[in-house]
Amino acid sequence: MVARGILNFPSRPSIRAAAVAAGPLEKKKSIFGPLFDKLHDSELCGEDTNEKAHSRLIEDACGLALEKAGAMPADADFLLCGDLVNEMTPSNFAAANLHLPYIGLFSACATSVSSLAVAALLTESGASRLALAGSASHHNSIERQFRYPIEYGFQKGPTAQWTVTAAGFAAVTQNEPGYPEIRRATIGRSVDYGLTDPLNMGAAMAPAAFDTLSRHLFGTNSVPGDYDAIITGDLGSVGSSLFRQMAKEEGLEVRRSKWRDAGEEFYGDDPSFFAGASGAGCSAAVYFSDVFQKMLAGEYRRVLLIATGALLSPLSFQQGESIPCTAHAVELSMSGGGQS
Amino acid sequence: MDQKTYTQLEQKMTPKVPLAGNLIRAFLVGGLICAIGQAIMYFYMYFFDFTEKTAGNPTVATLIFIAMLLTGFGKYKKIAQFAGAGSAVPVTGFGNAMISAAIEHRTEGYVLGVGGNMFKLAGSVIVFGVFSAFVVALIKTILVKLGVIGW
């Protein structure tokens with residue numbers, strides 16, 4: 001039986017390499033900073049505008065991921081990438097400079113995983129030998145689009161999250177032993193629980209994360225105990241406690257150390273970031289640095305990555321609409337780990 | 001979990017906004033800004049040829065100028081995170097809304113960027129400020145004409 005929305009990859013495409021480029025605040029404040037491959041000292045990353053800096057981050061991360069995979073941009077077959085700026089211009093400009101066949105993907109902050117799933121599908125079909133998949137966000141260019149000017153003074157509440165300046169990319173190849181393998185993916189549904197507060201995205205996204213988690217577990221006949229870690233994207237501290245509570249009430253085993261959230265961990269416990277980090281670059285930066293390295297080191301054998309995204313726009317918010325959310329999941333494992 | 005149960009769970013688990021603390025901080029900072037404004041007003045009256053009626057305009061201009069400097073140096077948003085309405089309601093909040101939008105959009109050029117967006121946030125303050133002034137003036141004019149009150 002085919003479970004709805006679940007993709008199986010019997011050829012086990014590998015993540016051959018991964019790289020992250022980030023901004024100055026991430027260099028200073030993120031606990032993952034030392035794991036990132038390139039850290040810029042200025043928010044503009046040497047460019048004239050925030051949007052160009054956003055593109056620069058994408059190009060840097062793509063270039064580094066290819067370099068680590070021992071390849072050149074000309075060796076790659078596809079670029080799968082997305083961001084949060086209108087019409088995804090930063091991704092489009094980066095793609096123009098990389099000269100690769102390119103599909104822009106918008107799943108808001110869940111693009112890190114949706115791009116990985118599409119890359120795995122392309123690889124599975126034989127169309128791709130090397131595909132770049134990832135996502136990015138840039139604090140200044142995203143805030144100005146979704147909220148207020150950067151220097152505008154308004155009080156953020158304890159549920160607000162901080163958009164990260166980072167890009168994370170993975171080089172997906174056909175199976176190569178010794179590297180994390182993409183085993184399955186679950187494509188998220190758009191879930192709308194009627195929440196309307198754009199400064200409490202974690203709470204809006206938690207039901208989507210739970211929906212995808214339960215569908216993945218059911219469709220793959222697995223339990224949380226089968227995974228070394230279940231890592232959500234950017235629920236933040238508020239959203240992830242809601243997510244864990246939902247899982248608990250549905251009878252799923254919740255051991256605190258195993259249920260991680262990239263947004264909650266990103267800036268440590270620093271209260272100046274409120275409920276934690278968010279943005280399309282947040283999950284990508286953690287998945288493609290910390291998680292990837294832990295898998296290579298053998299600390300994780302099988303993980304489930306559930307990236308969450310809030311599918312709102314400033315227009316839909318101003319028109320009083322609720323916030324539909326999604327979550328996409330991919331299951332990674334090291335050879336021999338998990339069930340086939 | 002259905003939507004209703006989730007909404008209840010969400011209400012229960014979401015950290016509350018510290019209302020009492022926010023009110024006190026807004027009161028203190030808002031009051032401080034007004035006290036500074038009063039001091040500037042006395043300064044203009046004492047050292048220059050302004051009267052209580054005419055000192056208002058240079059005082060407001062000075063406060064907005066200070067707010068612009070603080071915004072440009074990235075300090076105003078930090079004050080606002082602490083003070084909330086205390087820094088948003090006084091005229092300095094108006095200056096901040098204007099200059100922050102102007103800084104934000106300078107990459108789109110002076111005409112379409114700075115000029116077109118400067119009043120993106122502060123615009124509604126002007127629209128509703130002018131409109132409510134008009135309504136109040138209208139009411140007063142009617143009352144004066146009816147002989148209820150004098151000018």
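Along each chain, the written sequence defines residue order, and numbers are assigned to residues from 1. Chains carry letters and ligands carry numbers; both start at the beginning, A for chains and 1 for ligands, and go up in the order they are written. Residue-level local features of this predicted model are given only where pLDDT is at least 70; pairs of side-chain atoms are given and counted only at 80 or more, and the full residue set underlies all totals for whole chains, interfaces and linings.

As named in an unreviewed UniProt entry, chain B is Stage V sporulation protein AC, taken from Bhargavaea ullalensis.

As recorded in an unreviewed UniProt entry, chain A goes by Stage V sporulation protein AD and comes from Bhargavaea ullalensis.

A. Focus on the overall build of chain A. Scanning chain A for helices and strands turns up 10 helices and 14 strands. Just to be clear, the radius of gyration here is over C-alpha atoms, and the globule rule we use is 2.2 Å times residues to the power 0.38. Against the compact-globule benchmark of 20 Å for 340 residues, chain A has a radius of gyration of 18 Å, which places it among compact chains. Summarising its shape, the C-alpha atoms of chain A cover approximately 55 × 50 × 35 Å along the three principal directions. Working definition of burial: number of other C-beta atoms within 10 Å of the residue's own, with buried at 20 or more, exposed at 12 or fewer, and partly exposed in between, all C-beta atoms being placed from the backbone. Buried residues in chain A amount to 61% of all 340 residues. Whether two residues are in contact is decided by their C-beta atoms, placed from the backbone, lying within 7 Å. The long-range fraction of contacts in chain A, counting pairs at least 24 apart against all pairs at least 6 apart in sequence, stands at 80%. Labels follow the DSSP assignment, with helices taken as runs of H or I lasting at least four residues and strands as runs of E lasting at least two, numbered in each case from the N terminus.

B. Summary view of the interface of chain B and chain A. The interface is formed by 28 residues belonging to chain B together with 26 residues belonging to chain A. Elements with a minimum of two residues in the side of chain B that touches chain A: α1 (3-13), α4 (76-83), α5 (85-88) and α6 (91-104) of chain B. Sorting elements by how many residues they give to the side of chain B that touches chain A places α6(B) first, with 7 residues.

C. Spatial organisation of the pairing of strand β9 (residues 181-186) of chain A. All names here are of chain A. Within β9, 6 of the 6 residues are buried, which leaves the element mostly enclosed by the surrounding structure. Only when DSSP finds a minimum of two bridges between them are two strands counted as paired. Relative to β9, strand β1 (residues 6-8) runs antiparallel, the two being bridged by 3 bridges. Bridging from a neighbouring strand, Asn8 pairs with Arg184 of β9. Of the pairings in the sheet, the one linking β9 to strand β14 (residues 325-333) comprises 5 bridges and is antiparallel in character. Bridge pairing links Glu181 to Ser333 in β14.

D. Highlighting the domain arrangement of chain A. All names here are of chain A. Taken domain by domain, chain A consists of domain 1 (6-173) and domain 2 (181-333). Where each domain starts and ends comes from a domain assignment, either automatic or drawn from a database. The distance between the C-alpha centroids of domain 1 and domain 2 comes to 18 Å. Listed by partner, the interface residues are 54 residues for domain 1 and 59 residues for domain 2. Counting only elements with at least two residues in the side of domain 1 that touches domain 2, the list comes to β1, β2 (14-22), α4 (111-124), β6 (130-137), α5 (139-146), β7 (162-163) and β8 (166-173). Considering each element in turn, the side of domain 1 that touches domain 2 owes the most residues, 7 residues, to α4.

E. Quick peek at the UniProt feature "transmembrane region" (unreviewed entry) in chain B. UniProt positions are given in the numbering used here, feature names are shortened, and annotations may be inferred rather than shown by experiment. As recorded in UniProt, the feature "transmembrane region" (unreviewed entry) lies at residues 23-47, 59-76, 83-103 and 123-143 of chain B. Along residues 59-76 of chain B one finds 83% helix and 0% strand; the C-alpha atoms at either end are 19 Å apart.

F. Quick look at helix α3 (residues 56-72) of chain B. Residue and element names in this part refer to chain B. Relative to the 24 Å expected for 17 residues at 1.5 Å per residue, α3 spans 24 Å between its end C-alpha atoms, a close match to the ideal helical length. Of all the residues in α3, the buried ones are Thr59, Leu63, Ala67, Leu70 and Thr71. Within α3, the buried residues cover an arc of 110 degrees as seen down the axis, which keeps them to one side. Considering only its buried residues, α3 is in contact with α2 (19-47), α4 and α6. The positive-phi residue at the C-terminal boundary of α3 is Gly74, with phi of around 75 degrees. In this scheme, a helix's expected span is set at 1.5 Å multiplied by one less than its residue total. The arc under discussion is defined with respect to the helix axis, by the directions toward the C-beta atoms.

G. Examining helix α3 (residues 89-98) of chain A more closely. Residues and elements named next belong to chain A. Looking only at α3, the buried set comprises Pro90, Ser91, Ala94, Ala95 and Leu98. All buried residues of α3 project into a common sector of 130 degrees when viewed along the axis, lining one side. Buried residues along α3 sit in contact with α2 (50-68), β4 (78-82), β5 (102-104) and β6.

H. Examining unusual backbone geometry more closely. Residues and elements named next belong to chain A. Although it is not a glycine, Glu87 sits at a positive phi angle of roughly 55 degrees. Tracing the chain through its elements places Glu87 in the loop between β4 and α3. By the C-beta count within 10 Å, which is 10 here, Glu87 ends up exposed. Even without being glycine, Asn221 reaches a positive phi, approximately 55 degrees.

I. A look at the environment of Arg256(A). Residue and element names in this part refer to chain A. Residue position: Arg256 is located in the loop between α7 (236-249) and β11 (259-261). The exposure class assigned to Arg256 is exposed, which follows from the 7 C-beta atoms found within 10 Å. Separated by 27 residues in the primary sequence, Arg256 and Ala229 have C-alpha atoms spaced 9.9 Å apart.

J. Representation of the confidence of the model for chain B in the model. Per residue, pLDDT captures the predictor's confidence, and it can take any value from 0 to 100. Confidence along chain B averages 95 in pLDDT terms, with 100% of residues attaining 70 or more. Interface scoring of the predicted complex returns ipTM 0.90; its pTM is 0.94.

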